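Inside the fold
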Amino acid sequence: MENMALLFQSLDDVTRLRILALLLEEDELCVCYLVAVLQLPQSTVSRQLAILKNAGWLKDRREGVWIHYSINRSLGAIQQFLVPVLRNFLPATEAARADLERLKKLPREGAAVLAAPR
């Protein structure tokens, strides 16, 4: 029962839903891309990613100094049931559409481009 509560609590935040919407569209995203798209501080994005990872939604992969996140391919039964629902309804929200548009406009040459001082 506690795992189920943790799972549903992990969906009770707009930022976490925005992250899930992005990762349901993309195979994998670096934290730096999520920060740029969500237009939030890195600490906020990292905290929300940690909650989603602890609830089993995400897995991460380190590449040098960069951490890349993706949807966990070994989701639990409830999560597997919810993914199609999320995939159907999240992109229809204004926030998710705006996030996806911002993501499309970002350079894809590598994470270093986003981390460079402006």
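Summary of the structure given here. (Residues numbered from 1 in each chain as written. Predicted model: local features only at pLDDT ≥ 70, side-chain atom pairs only at ≥ 80, totals over all residues. Heavy atoms only, no water.)

**Observations regarding the sheet that holds strand S3 (residues 66–71)**
One open sheet holds the 3 strands; their spatial order is S1-S3-S2, and the pairing between them is antiparallel. Among the strands making up the open sheet, the edge pair consists of strand S1 (29–30) and strand S2 (58–63). Examined bridge by bridge, S1 and S3 share 2 bridges and lie antiparallel to one another. Looking at the pairing, Cys30 lines up with His68 of S3. Helix-sheet contacts for helix H4 (residues 42–54) involve S2 and S3, and the interaxial angle to S2 is about 125°. (Pairing = 2+ DSSP bridges. Helix = DSSP H or I, 4+ residues; strand = E, 2+ residues; numbered from the N terminus. Contact = heavy atoms within 4.5 Å. Axes fitted to C-alpha atoms, helices over the stretch in contact; angles between N-to-C directions.)

**A closer look at helix H2 (residues 14–25)**
In this model H2 runs 17 Å from its N-terminal to its C-terminal C-alpha over 12 residues, within 8% of the 16 Å that 1.5 Å per residue would give. With 9 of 12 residues buried, H2 is to be regarded as a mostly interior element. Those residues of H2 not exposed but buried are Thr15, Arg16, Arg18, Ile19, Leu20, Ala21, Leu22, Leu23 and Leu24. Structurally, the start of H2 carries an N-cap: the backbone nitrogen of Thr15 is 2.9 Å from a side-chain oxygen of Asp13. (Expected span 1.5 Å × (residues − 1). Buried < 20%, exposed > 50% of the residue type's maximum accessible area, 1.4 Å probe, protein only. Polar contact = N/O pair within 3.5 Å; in protein donor to acceptor, adjacent residues only side chain to side chain.)

**Structural notes on a nonpolar patch on the surface**
On the surface, a nonpolar cluster with roughly 430 Å² of combined accessible area is contributed by Met1, Met4, Phe8 and Ile78. Position of Phe8 among the secondary structure elements: in helix H1 (residues 2–10). (Patch = residues over 30% accessible without salt bridge, like charges linked within 9 Å, V, L, I, M, F, W, Y side chains within 5 Å. Areas by Shrake-Rupley, 256 points an atom, 1.4 Å probe, with all protein chains shown as cover. Salt bridge = Lys/Arg side-chain N within 4 Å of Asp/Glu carboxyl O.)

**Description of the environment of Ala5**
Within the secondary structure, Ala5 is located in helix H1. Judged by relative accessible area, Ala5 falls into the partly exposed class, the value being 34%. On a C-alpha basis, the gap between Ala5 and Ala55 in space is 9.5 Å, while along the polypeptide they are 50 residues apart.

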